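# Architecture and fold: a report
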Amino acid sequence: MKIMTSIPYRLISIICLFFILSLYCNANDDKSIKIIENELPIADPYLLFHNGKYYAYGTRIDGFEVYISDDLKHWKRNKNLALSPQDSWGTRWFWAPEVYYVTAKKKFYMFYSVDEHICVASSSSPEGPFIQEEKKPIIANEKGIDSSLFIDDDGTPYLFYVRFTDGNVIWMAEMSNDLQSIKAETLTKCMSASEPWEKKQATVVEGPSILKRGNTYYLIYSANHFESQDYAVGYATASSPKGPWKKYSGNPILRRDHPSASGLLCTGHGAPFISADGGYKYIYHAHASSTSVAPRTSYINDLAISPDGVISIVGEPIRPLIVK
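To keep things clear, this report deals only with the structure shown in the data block.

### Topic: the pairing of strand β18 (residues 280-286)
- Counting buried positions along β18 yields seven of seven residues, so the element is predominantly enclosed.
- Examined bridge by bridge, strand β17 (residues 268-274) and β18 share five bridges and lie antiparallel to one another. Paired with Pro272 across the two strands is Tyr282, which belongs to β18.
- The turn linking β17 back onto β18 is made up of five residues, and Gly278 within it adopts a positive phi angle of 90°.
- Pairing analysis gives six bridges linking β18 to strand β19 (residues 297-305), with the strands arranged antiparallel. By the bridge assignment for β19, Tyr282 is matched with Asn301.

### Quick look at the sheet that holds strand β1 (residues 35-37)
- Read from one edge to the other, the open sheet built from six strands follows the order β1-β21-β5-β4-β3-β2, with strand pairing classed as mixed. Two strands in the sheet have a free side with no partner beyond their single neighbour: β1 and β2 (43-50). For this sheet, the mean inter-axis angle between neighbouring strands, taken without regard to orientation, is 40°.
- Bridging between strand β4 (residues 67-69) and strand β5 (residues 74-77) involves three bridges; their strand directions are antiparallel. Bridging from a neighbouring strand, Ser69 pairs with Trp75 of β5.

### Section: the packing of aromatic side chains
- Per the stated rule, a full pass over the model turns up 16 aromatic pairs.
- Seen from their ring centres, Tyr100 and Phe111 are 6.1 Å apart, and the 70° between their planes marks the pair as edge-to-face. With a gap of eleven residues between them, Tyr100 in strand β6 (residues 95-102) and Phe111 in strand β7 (residues 107-114) connect regions that are remote in the sequence. For the pair shown, Tyr100 and Phe111 are each scored as buried.
- Ring pairing ties together the aromatic residues Tyr46, Tyr100 and Phe111, which thus form one cluster.
- One residue, Arg163, lies across the ring of Trp171, its end atom 4.2 Å from the ring centre.

### Thoughts on the nonpolar core
- Core analysis: the largest hydrophobic core is formed by 34 residues, its most contacted members being Met110, Phe111, Tyr112 and Ile138.
- Here this core gets six residues from one element, more than from any other, and that element is β7.
- Setting aside residues no more than four positions away along its own chain, Ile138 makes contact with Phe111, Ile118, Cys119, Val120, Leu159, Met175, Gln180, Ser181 and Ile182.

### As for the sheet that holds β7
- An order of β6-β7-β8 is seen for the three strands of this open sheet, with the pairing classed as antiparallel. Of all strands in the sheet, those bounded by a partner on one side alone are β6 and β8 (117-123). Strand-to-strand twist across the sheet, computed as the mean angle between neighbouring axes with direction ignored, equals 20°.
- Looking at chain direction, β7 and β8 are connected through seven bridges and run antiparallel. Bridge pairing links Ser113 to Ile118 in β8.

### Observations concerning the pattern of salt bridges
- Per the counting criterion, the structure on display carries 18 salt bridges.
- Salt-bridge contacts for Lys143 lead to Glu116; the nearest nitrogen and oxygen are separated by 3.2 Å. With a gap of 27 residues between them, Lys143 in the loop between β8 and β9 (145-151) and Glu116 in the loop between β7 and β8 connect regions that are remote in the sequence.
- Between Asp302 and Lys281 there is a salt bridge, and its shortest N-O distance comes to 2.5 Å. Taken together, the residues span a long stretch of sequence, with Asp302 in strand β19 and Lys281 in strand β18 at a distance of 21 residues.
- By relative accessible area, which is 34% here, Asp302 ends up partly exposed.

About the criteria used
- Residues numbered from 1 in each chain as written.
- Predicted model: local features only at pLDDT ≥ 70, side-chain atom pairs only at ≥ 80, totals over all residues.
- Heavy atoms only, no water.
- Buried < 20%, exposed > 50% of the residue type's maximum accessible area, 1.4 Å probe, protein only.
- Helix = DSSP H or I, 4+ residues; strand = E, 2+ residues; numbered from the N terminus.
- Pairing = 2+ DSSP bridges.
- Axes fitted to C-alpha atoms, helices over the stretch in contact; angles between N-to-C directions.
- Phe/Tyr/Trp six-rings, centres within 6.5 Å; stacked < 30°, edge-to-face > 60°.
- Lys NZ or Arg CZ within 6 Å of the ring centre and 35° of its normal.
- Core = buried A, V, L, I, M, F, W, Y, C linked by side-chain atoms within 4.5 Å.
- Contact = heavy atoms within 4.5 Å.
- Salt bridge = Lys/Arg side-chain N within 4 Å of Asp/Glu carboxyl O.

Pasting the structure below:
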């Protein structure tokens, strides 16, 4: 009887020992990750998921860096720039890069603004180097920022971007098949700042992104001046990329006073992406603090689409770390 009752106690002791060793090993694993920065130091972020890895690009320096991750939490800064200024038209104000893999062309395309003009560069790798085939803006005679490419199911490419027509206004045009120019005759206004939440500071709608679910097109955008703590995210829907666009009555879907913002200020100018599990997420930037805009840093939340087609940004944000 004594032998029988002693076995469970020995098993419990062994289990406890393994548990303690497991905690010790996990602690050592965490310590083996050397954290360089506690934040992802980019604004106007865009995230590409390709071949099992995540690539993040954004506004920070002249040219564009690329950060690479396997899990959305831990990121490594690539040693080389994704796009260097010498490979681009323009010399200043490199803003809001977005990178797409175009299967039909077997190339990656980076759309971005420099010196307040829209440019596009291409590469064989998401890491770059991205190089302009011809060093010139897509639209030569007019300023523009915040470009976003959308290729519809029929293969038609559209460029959404911001023109400075009575404030920052979102417009759209069909693109040429080589993705180097727009068809000017198709230029169409999508939306301007019209709702009270969009005009807390300045007359601005910007940072457009397009996604399609079924027969519905979603235009996700940000509003207010980027220095405003009330910078926020909303969306509109249409049955065609050409519009007309109807703004969601529940806008904004992300702002500093929403639970999903977790106290972050100036939450906006981001982009939706499909993660490894097949679900949507949204990457966006926020201010450094209540007294300082810079350095703006990026965060990631879940993006949900309800059965009746309503978009929401939910959950606790992922707070990325830069690791060695």
